Amino acid sequence: MTDEQLPAQVFPNRFPEAVDSRPGVPQDRCQCFSQVRVNPPGMTASFHADIQDTSAPGWLRLLELIEEAAADGREEFRPLPELSPEERRQIVTLPASIGQLTAVRTLVLYGSNLVRIPPEIGDMTSLEEFSPYTSRRLHWFPYEITRCTRLVNSTVSTRSIYGNYKYRPPFPQLLPPSDTDLDLDGLAPTRWGTTATHTCSVCTGPIPATGPHQAWLSQVVATDVLPLLVNACSQACLGTLPTGAKGYIPGPHRGGSIEQPSPR
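An account of the accompanying structure is given in this report.

**Re the overall build of the protein**
When its secondary structure is counted, the protein shows four helices and seven strands. Helices and strands in the protein line up, N terminus first, as α-β-α-β-β-β-β-α-β-β-α. Against the compact-globule benchmark of 18 Å for 264 residues, the protein has a radius of gyration of 19 Å, which places it among compact chains. Along the first, second and third principal axes, the C-alpha atoms of the protein reach 65 × 45 × 35 Å. Evaluated residue by residue, the protein yields a buried proportion of 49% over its 264 residues. Here the analysis covers contacts within the protein between residues at least 6 apart in sequence; of these, 64% occur between residues at least 24 apart. Element-wise, carbon and sulfur atoms account for 52% of the exposed surface of the protein, whose accessible area totals about 12,700 Å². Distance between charge centroids for the protein: 9 Å, based on 22 positive and 27 negative side chains.

Dropping the structure here:
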């Protein structure tokens, strides 16, 4: 078959928002670690400090889109094309109300400016396909995503995530719970990775006032190995976590200077 005989489109465009004609790339630059080469030994990493502006137009529109999707029971949720580039850039996390989308089977967040995803994604019990592709600032995922037991397909920019097999960027160092009571709705994201936590990632019990017991675990989720952040209510719950994925750090860990397998 000659080039002239080929059909106009051999493969469907899975991410139409990638060819959006509106000017401006709705992502902030990320220099947490190299996403194009092996990271040097001794390098450190830290969480993004961004805090969501809940008065921003993009955030308010996203809340509306989630309510609409929950009301009509749609099976695909692809919110970002509904926002302008500037509005997309205003979204650095998803609302907890994402957990209302129990009918959604496909969640597409192509090219987002996200730095974290809330644990409520675990309530999306029908989720089968998850595509945050080219979300270059999204370096980790909540352990609660493992509750999406129907999730079988994923499209993740793996070179952008902690501990990936290509470049082995470091994990941020996790610290033990605080010595004093905390405002669990006003946590410092540079310290905890999140701004709020209330429920144990493992047993769903309450998080103590001194904060969560945290651990990293690299585990197969759908078709990718993802770095998962566990916020547990106790050391005992951390002790029940499974082993890590083959070729990665073999169990839960606190990141920092921990030795990783060689990049491949």
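**Section: the packing of aromatic side chains**
Within the structure shown, the criterion is met by nine aromatic pairs. Centroid distance tyrosine 162 to tryptophan 216: 5.5 Å. Interplanar angle 70°. Geometry classified as edge-to-face. Residue tyrosine 162 is located in the loop between strand E5 (153-154) and helix H3 (189-192), and its partner tryptophan 216 is located in strand E6 (residues 213-221); the two are separated by 54 residues in the primary sequence. With respect to class, tyrosine 162 is no different from tryptophan 216; both count as buried. Feature note: the residues Phe33, Phe47, Trp140, Tyr162, Phe171 and Trp216 constitute an aromatic cluster, connected by ring pairs.

**Brief notes about the nonpolar core**
Formed by 46 residues in total, the largest nonpolar core has its most connected members in Phe77, Phe130 and Phe141. Residues contacting phenylalanine 141, with those up to four places away along its chain left out, are Ile117, Phe130, Pro132, Val156, Ile161, Leu226, Pro227, Leu228 and Leu229. One finds Cys30, Cys32, Phe33 and Ile249 within the second-largest nonpolar core, a separate group that totals 12 residues.

**Digging into the sheet that holds E5**
Taken in spatial order, the four strands of this open sheet run E1-E2-E3-E5, and their pairing is parallel. A strand with exactly one partner marks an edge of an open sheet, and here the two such strands are strand E1 (76-77) and E5. With two bridges joining them, strand E3 (residues 129-131) and E5 adopt parallel strand pairing. When the bridges of E5 are listed, glutamate 129 appears paired with asparagine 153.

**Remarks on the side chain of asparagine 164**
Tracing the backbone through its elements, the reader meets asparagine 164 in the loop between E5 and H3. Overall, asparagine 164 belongs to the buried group, its relative accessible area being 2%. In this structure the side chain of asparagine 164 is engaged in a polar contact, spanning 3.2 Å, whose partner is the backbone oxygen of arginine 159. Other than its neighbours up to four places away in sequence, asparagine 164 contacts Thr158, Arg159, Pro169 and Tyr248.

**Description of the sheet that holds strand E7 (residues 224-232)**
Ordered by their spatial adjacency, three strands build an open sheet running E4-E7-E6, and the pairing between neighbours is mixed. Unpaired on one side and paired on the other, strand E4 (141-142) and E6 mark the two borders of the sheet. Of the pairings in the sheet, the one linking E4 to E7 comprises two bridges and is parallel in character. Bridged to proline 142 within E7 is leucine 229.

How each quantity is defined
Sequence order as written defines residue numbering, which begins from 1 separately in each chain. This being a predicted model, a pLDDT of at least 70 is required before a residue's local features are given, and a value of 80 or more before pairs of side-chain atoms are given or counted; all residues contribute to the totals for chains, interfaces and linings. The basis for the side-chain values is all heavy atoms of the structure; hydrogens and waters are excluded. Helical segments are the DSSP runs of H or I of at least four residues, strand segments are the runs of E of at least two, and each set is numbered from the N terminus. Each radius of gyration reported is based on C-alpha atoms, and the globular scaling rule is 2.2 Å times the count of residues to the power 0.38. Summary of the burial criterion: residues with accessible area below 20% of their type's maximum are buried, those above 50% are exposed, and those between are partly exposed, where the area comes from a 1.4 Å probe applied to protein chains only. Any two residues having at least one pair of non-hydrogen atoms within 4.5 Å are treated as being in contact. Each accessible area is a Shrake-Rupley estimate made with a 1.4 Å probe; only the visible protein chains count as cover when residues are assessed. Two residue types count as positive, namely Lys and Arg, and two as negative, namely Asp and Glu; His and chain ends fall outside the count. The atom standing in for a charge is NZ when the residue is Lys, CZ when it is Arg, CG when it is Asp and CD when it is Glu. Between 30 and 60 degrees the pair is tilted, below 30 it is stacked and above 60 it is edge-to-face, where a pair is any two Phe, Tyr or Trp rings, Trp via its six-membered ring, whose centres lie within 6.5 Å. Among buried residues, the Ala, Val, Leu, Ile, Met, Phe, Trp, Tyr and Cys ones that are joined through side-chain atoms within 4.5 Å form a nonpolar core. In this description, strands pair whenever DSSP reports at least two bridges between them. In protein, a polar contact means a hydrogen-donor-capable atom and an acceptor-capable atom, both N or O and within 3.5 Å, with residues adjacent in sequence counting only if both atoms are side-chain atoms; elsewhere, any N or O pair within 3.5 Å suffices.

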